[in-house]
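# An overview of the molecular structure
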Amino acid sequence: MWRLESADVIAHTDRMSSRHYSAVDHLLINFDQALRTLAGKPLTTERPDPADDREEADLTAAERDESARLMRVNHAGEVAAQALYQGQALTARLDAVRSSMENAAAEENDHLAWCEKRVRSLDSHVSYLNPLWYAGSFTIGALAGLAGDKWSLGFVAETEKQVIEHLDGHLKRVSERDRKSRAVIEQMKIDEAHHGAEARRAGGAALPGPVRGLMRLTSRVMTGSAYWF
Ligand SMILES: [Fe+2]
Ligand SMILES: [Fe+2]
């Protein structure tokens, strides 16, 4: 336990100073972030949950079920987003944009917390496969980081573009009466558009077609499985 708390302190201190840490420190920080993401204790920006000031509707069983499944898919996507950012942070240089990347990662943690809360209030569970999504996305993020900053940022921009398309699809499927789920999805869309724009502005390059296609395929496997499990 001491080691995890210590990693947490290092992560916090790291944001407030320009200290450099050893490979072991980075390993502890990454391990701490992974546990926080998977155990539902993310470090958020502490913005209010957009669902909080919306009225809970008396949804039918089918509406509740569909909302819960889609919010579980969104939660799994945020687990993957968190792992991508952590993987990239491990290998990318990104010195010029490090603080905006950290801010984006904290906002992804807000999404993670909001989605989990909504899934649970709909009496459902988060995806059993989350550890798998985390491990896979962490690896992809680390590889994107190794490819160089312009590709790494391009990867963020393309990911956010695909996530927004995906959220638009969810808004068509979630009941109009489920104002709480819709409020969370709407705010996520705003944030993801901002993250994508930041990444492009910071020099993100357009990814080659086959890479974009592979990303779509990967996300289809993930969202398809998280819908059911
Ligand atoms: Fe997000
Ligand atoms: Fe994002």
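Parameters and conventions
Residues numbered from 1 in each chain as written. Chains lettered and ligands numbered in written order. Predicted model: local features only at pLDDT ≥ 70, side-chain atom pairs only at ≥ 80, totals over all residues. Heavy atoms only, no water. Helix = DSSP H or I, 4+ residues; strand = E, 2+ residues; numbered from the N terminus. Contact = heavy atoms within 4.5 Å. Areas by Shrake-Rupley, 256 points an atom, 1.4 Å probe, with all protein chains shown as cover. Donors = N, O, S within 2.8 Å, 3.2 Å for Na, K, Ca; no water. Buried < 20%, exposed > 50% of the residue type's maximum accessible area, 1.4 Å probe, protein only. Tetrahedral: all angles 85-135°; square planar, octahedral: opposite > 155°, others 65-115°. Salt bridge = Lys/Arg side-chain N within 4 Å of Asp/Glu carboxyl O. Expected span 1.5 Å × (residues − 1). Axes fitted to C-alpha atoms, helices over the stretch in contact; angles between N-to-C directions. Parallel < 35°, antiparallel > 145°, perpendicular 65-115°, else oblique. Left-handed = near helix turned anticlockwise from the far one by under 90°. Nonpolar A, V, L, I, M, F, W, Y, C, P; charged D, E, K, R; others polar. Polar contact = N/O pair within 3.5 Å; in protein donor to acceptor, adjacent residues only side chain to side chain. pLDDT = per-residue confidence, 0-100. Core = buried A, V, L, I, M, F, W, Y, C linked by side-chain atoms within 4.5 Å.

Attention shifts here to the overall build of the protein. Looking only at helices and strands, one finds eight helices and zero strands in the protein. For the protein, the N- to C-terminal ordering of α and β elements is α-α-α-α-α-α-α-α. A separation threshold of at least 6 residues defines the contact pool for the protein, and within that pool the share at least 24 residues apart is 85%. Put simply, the protein shows about 11700 Å² of open surface, and 60% of that area lies on carbon and sulfur atoms.

Every protein donor of the iron ion (ligand 1) is listed here as Glu 78 (OE), Glu 78 (OE), Glu 108 (OE), His 111 (ND1) and Glu 192 (OE), and their distances to the metal cover 1.9 to 2.4 Å. Donor residues for the iron ion (ligand 1) sit on one chain with the sequence pattern E-x29-E-x2-H-x80-E. Separation of the iron ion (ligand 1) from the iron ion (ligand 2) amounts to 3.9 Å, with Glu 108 serving as a shared donor to the pair. With Glu 78 in helix α3 (residues 61–91) and His 111 in helix α4 (residues 98–121), the pair connects residues that are 33 residues apart, well separated along the chain. Per residue, the accessibility class of Glu 78 equals that of His 111, and both read buried.

Looking now at the coordination of the iron ion (ligand 2). Looking at the iron ion (ligand 2), one finds its protein donor set to be Glu 108 (OE), Glu 160 (OE), Glu 192 (OE) and His 195 (ND1), positioned 1.8 to 2.2 Å from the metal centre. In this structure, the iron ion (ligand 2) is surrounded by four donor atoms whose angles at the metal cover 98 to 122 degrees, and the resulting shape is tetrahedral. If you list the donors of the iron ion (ligand 2) from N- to C-terminus, the spacing comes out as E-x51-E-x31-E-x2-H. Assessed through its relative accessible area of 1%, Glu 192 is described here as buried.

In this section: the pattern of salt bridges. Scanning the model with the defined rule gives 18 salt bridges in all. Residue Glu 116 pairs with Arg 120 through a salt bridge whose shortest N-O separation is 2.8 Å. You can see Glu 116 and its partner Arg 120 sitting in helix α4, four residues apart, about one turn around the helix. Under the relative-accessibility criterion, Glu 116 is labelled buried at 16%. A network of salt bridges, in which partner residues are shared, links Arg 47, Asp 110 and Asp 191.

We now examine helix α7 (residues 179–201). In a regular helix each residue adds 1.5 Å, so 23 residues correspond to 33 Å; α7 covers 33 Å between its end C-alpha atoms and thus fits that length. Positive backbone phi, approximately 110 degrees, marks Gly 203, located one or two places after α7.

Here we take up the packing of helix α6 (residues 149–173) against helix α8 (residues 209–228). Where α6 meets α8, the closest approach of the two axes is 11 Å, and the angle between their N-to-C directions is 40 degrees. When the interaxial angle is binned, α6 and α8 end up oblique. Viewed along their axes, α6 and α8 form a crossing whose handedness is right-handed. Listed contacts from α8 to Phe 155, Glu 158, Thr 159, Lys 161, Gln 162, Glu 165, His 166 and Arg 173 of α6 are Arg 212, Met 215, Arg 216, Thr 223 and Tyr 227. Counted by class, the contact of α6 with α8 contains three nonpolar, four polar and six charged residues.

Another point: the environment of Gly 224. Turning to its location among the elements, Gly 224 is positioned in helix α8. Given a relative accessible area of 34%, Gly 224 falls into the partly exposed group. Each C-alpha atom, one on Gly 224 and one on Val 73, is 8.0 Å from the other, the two residues being 151 residues apart in sequence.

Turning next to the side chain of Gln 162. As for its placement among the helices and strands, Gln 162 is situated in helix α6. Here the side chain of Gln 162 touches Arg 212 through a polar contact of 3.4 Å, landing on its backbone oxygen. In this structure Gln 162 touches Arg 212, Met 215 and Arg 216, once residues within four positions along its chain are discounted.

Interpretation of the predicted coordinates at a detailed level should be avoided for regions scoring low in pLDDT. A residue-level look at the protein finds 84% of positions with pLDDT of 70 or above and a mean pLDDT of 83. Across the protein, element-level confidence peaks in α7 with a mean pLDDT of 94 and bottoms out in helix α1 (residues 2–16) with 42. This model gives residues 1–18 a pLDDT under 50, and the stretch forms 22 contacts once residues within four places in sequence are excluded.

So, on to the nonpolar core. Met 71, Cys 115, Trp 133, Val 184, Ile 185, Met 188 and Ala 226 are the most contacted members of the largest nonpolar core, which has 19 residues in total. Counting only elements with at least two residues in this core, the list comes to α3, α4, α6, α7 and α8. Ignoring anything within four residues of it in the chain, the contact list for Val 184 reads Asp 49, Pro 50, Ala 51, Met 71, Trp 114 and Cys 115. In terms of nonpolar packing, the next biggest core, distinct from the first, is built from eight residues, Ala 104, Leu 153, Val 156 and Ala 157 among them.

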